[in-house]
Amino acid sequence: MPRTSLPSVRAVVDPLALFAGYFLAARLGSAFNVGPESIAAFWAPNSIALAALLRSPRRRWAALVAALSAAELASDLVMGFPALTAAGFATANALEVLVAARLLRSADGCAPTVTVGVAARFALFAVLLAPAVAALLGAAAAVVAGTPYGAAWGRWFVGDALAHLTLTPTILLWLARRPWRAPLRPRRVAEAIALGAGLAIAVGVAFGHHAGESAWPGALYLPLPLLLWAAIRFGTIGASTAVSSVALLALFATRHGLGPFTGASPAHNVLALQLFLVATALPLLALSVFDEDRRRGEARLREARDALEETVAERTAELDRQVAALREGEAKLREAHEVAEQARRAADAANQAKSDFLARMSHDVRTPLNAILGRAWLLERDAGAGPRALGHAAVIRRSGAHVLDLVQDLLELSRIEAGRLELRLATTHLHELASTTGELVRLEADEKGLDLRVDVGAGLPTYVLADEVRLRQVLLNLLGNAVKFTSRGEVVLEVRAARSAVSFAVIDTGAGIAAEELEGVFQPFRQGVSARTARAGVGLGLAISRQLVVLMGGELRVQSELGVGSRFWFELALEVAEAPVLRTSA
């Protein structure tokens, strides 16, 4: 079988429940009908109906209004009212409930959280405006039953306003907050029971005597401290429940001739009782609203303070962690600095030891080597030496010269790495530097059948400030390598103006360098395949040249293709110099 959804069931059950509840409340309302008038002094059914509308969606309001109208009509007919009067009462009550519900729903005057604004809107719409409008029609219907219009309007307005002031908030708050679902706290339950028992006793003392019997003069005010207790300790739900209970008990006692409001005429008794209840309920309910609003404000303030304290604690902890990390980082930095300083001192000491060793070694090697070279030179020029001896002397001279060059390169590299090599800038003639450097390797190039060209471009300054010795050393090394590793073709020295610098390039058509060897070509003691094949040097020339170029403010670069040739070049920002002045003696 198909299951019926819950909303469709409630659409039928809620109007039927409202009809039954409204009808029973209307029948019980006669218990609070003090005097012969047809209008009750406290009309509870409209409180039930208004709560039902406010707790339901608007699409169900029509069915609920129809249910309360039918219940009111049935109750009035059962009580013996004329049909016209019963219809007028039903219409007036439906109008009152509908007006109050519409205004409260539009103005958010029925929120479960009772603030001062919510309470003010509820008092304006439900307690004052809606009963006043409904009383216009209800009083007219009461005239048919024999009640004067003015008295009927006042009785209707005050009775409905009193019910909306006390009972309606009680129903709405209990339905919205559902305190029966909250965890039971024994002390809180015991306090509520004691409060209820105290109110019952206080009302019994205040209204437990018949008309004409003497009573304690202050008995009427006995419930007030207990009502104040309810307002302060239990908030709006406690205050409204306590005030509603006192109002119902007081009306019931007065209906049966008990209490202080039974000595005068019924109309006077009813008005005096209603005014007493209104005067009691208004300040207590207002106090409960203000006190609950204050507690919410304090709770929000505590939450904000706790959140602020938590944030401060988190930020403080984070700051402490950052400070600890910073201190740890500083300690590590100091430790690293000490390690680096020790390493630097060790490196300086090693460099110094290496420099001292190389200096002593070079002296010890060059002294006998110079003697060997000198003897070989003399032997080559000895007219009596035979061809075999001359050949041996040439080998000795070339080998000795090679060893001397190696020692000189080692010393040069050591001085550069130790930072002891300083540039000596002087006025240098660029064109002359290029041409004379080329001439130094021309003889070797001619012996190999190579075309050696020196190409100095236009736009170059004639004189510049440069270390001519070191610059010539770099160019000689590059040209010497180019001639050494080129078997045919040409070797070119290019000097060009490049923006605000001077570009030097050595281009050859030699063996070239493999791509995988280009990265290490400037490293000391590193040689390519072609250099190893040619048995040329130990791999210090390019390393020294690169260090010298860096010292002069440039960077030595290379482009090469195996079997095609190589191009080594660098740029130097050389300051233009004036031509040197030649002085002649008088």
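Before reading on, note that the structure itself is shown above.
Residues numbered from 1 in each chain as written. Predicted model: local features only at pLDDT ≥ 70, side-chain atom pairs only at ≥ 80, totals over all residues. Heavy atoms only, no water.

Novice: Would you mind showing me how to read the sheet that holds strand E7 (residues 565–572) here?
Specialist: Paired through backbone hydrogen bonds, the strands of a sheet run either parallel or antiparallel to each other. Taken in spatial order, the five strands of this open sheet run E2-E4-E5-E7-E6, and their pairing is mixed. Two strands in the sheet have a free side with no partner beyond their single neighbour: strand E2 (451–456) and strand E6 (557–561). Taken over all neighbouring pairs, the strand axes of this sheet differ in orientation by 10 degrees on average, direction set aside. Note that E2 and strand E4 (residues 490–498) share six bridges and pair parallel. Paired with aspartate 451 across the two strands is glutamate 490, which belongs to E4. (Pairing = 2+ DSSP bridges. Helix = DSSP H or I, 4+ residues; strand = E, 2+ residues; numbered from the N terminus. Axes fitted to C-alpha atoms, helices over the stretch in contact; angles between N-to-C directions.)

Novice: Before we go on, may I ask you to explain the packing of helix H11 (residues 430–447) against helix H12 (residues 468–484) in this structure?
Specialist: If you want to describe how two helices pack, look at the angle between their axes and the distance between the axes. Contact geometry for H11 and H12: axes closest at 10 Å, N-to-C directions at 30 degrees. When the axis of H11 is compared with that of H12, the two are roughly parallel. In this structure, H11 crosses over H12, and the sense of that crossing is right-handed. Residues Leu433, Thr436, Thr437, Gly438, Leu440, Val441, Glu444 and Ala445 of H11 form the contact with H12, whose own contacting residues are Glu468, Leu471, Arg472, Leu475, Leu476, Leu479, Gly480 and Val483. Taken together, the residues of the contact of H11 with H12 sort by class into nine nonpolar, four polar and three charged. (Parallel < 35°, antiparallel > 145°, perpendicular 65-115°, else oblique. Left-handed = near helix turned anticlockwise from the far one by under 90°. Contact = heavy atoms within 4.5 Å. Nonpolar A, V, L, I, M, F, W, Y, C, P; charged D, E, K, R; others polar.)

Novice: Explain H11 here, please?
Specialist: Structural remark: α-helix, 3.6 residues per turn; residues separated by three or four positions point the same way. Over its 18 residues, H11 runs 27 Å from end to end, which matches the ideal 26 Å to within 8%, given 1.5 Å per residue. Of all the bends in H11, the largest measures some 45 degrees and sits at valine 441. For H11, the complete set of buried residues consists of Leu430, Leu433, Ala434, Thr437, Gly438, Val441 and Ala445. Those residues of H11 that are buried lie in contact with strand E1 (426–429), E2, strand E3 (463–466), H12, E4 and strand E5 (501–508). Phi turns positive, to about 75 degrees, at glycine 449, one or two residues after H11. (Expected span 1.5 Å × (residues − 1). Bend = angle between axes of the 7 residues up to and from the residue. Buried < 20%, exposed > 50% of the residue type's maximum accessible area, 1.4 Å probe, protein only.)

Keep in mind these numbers describe shape, not what the thing actually does.
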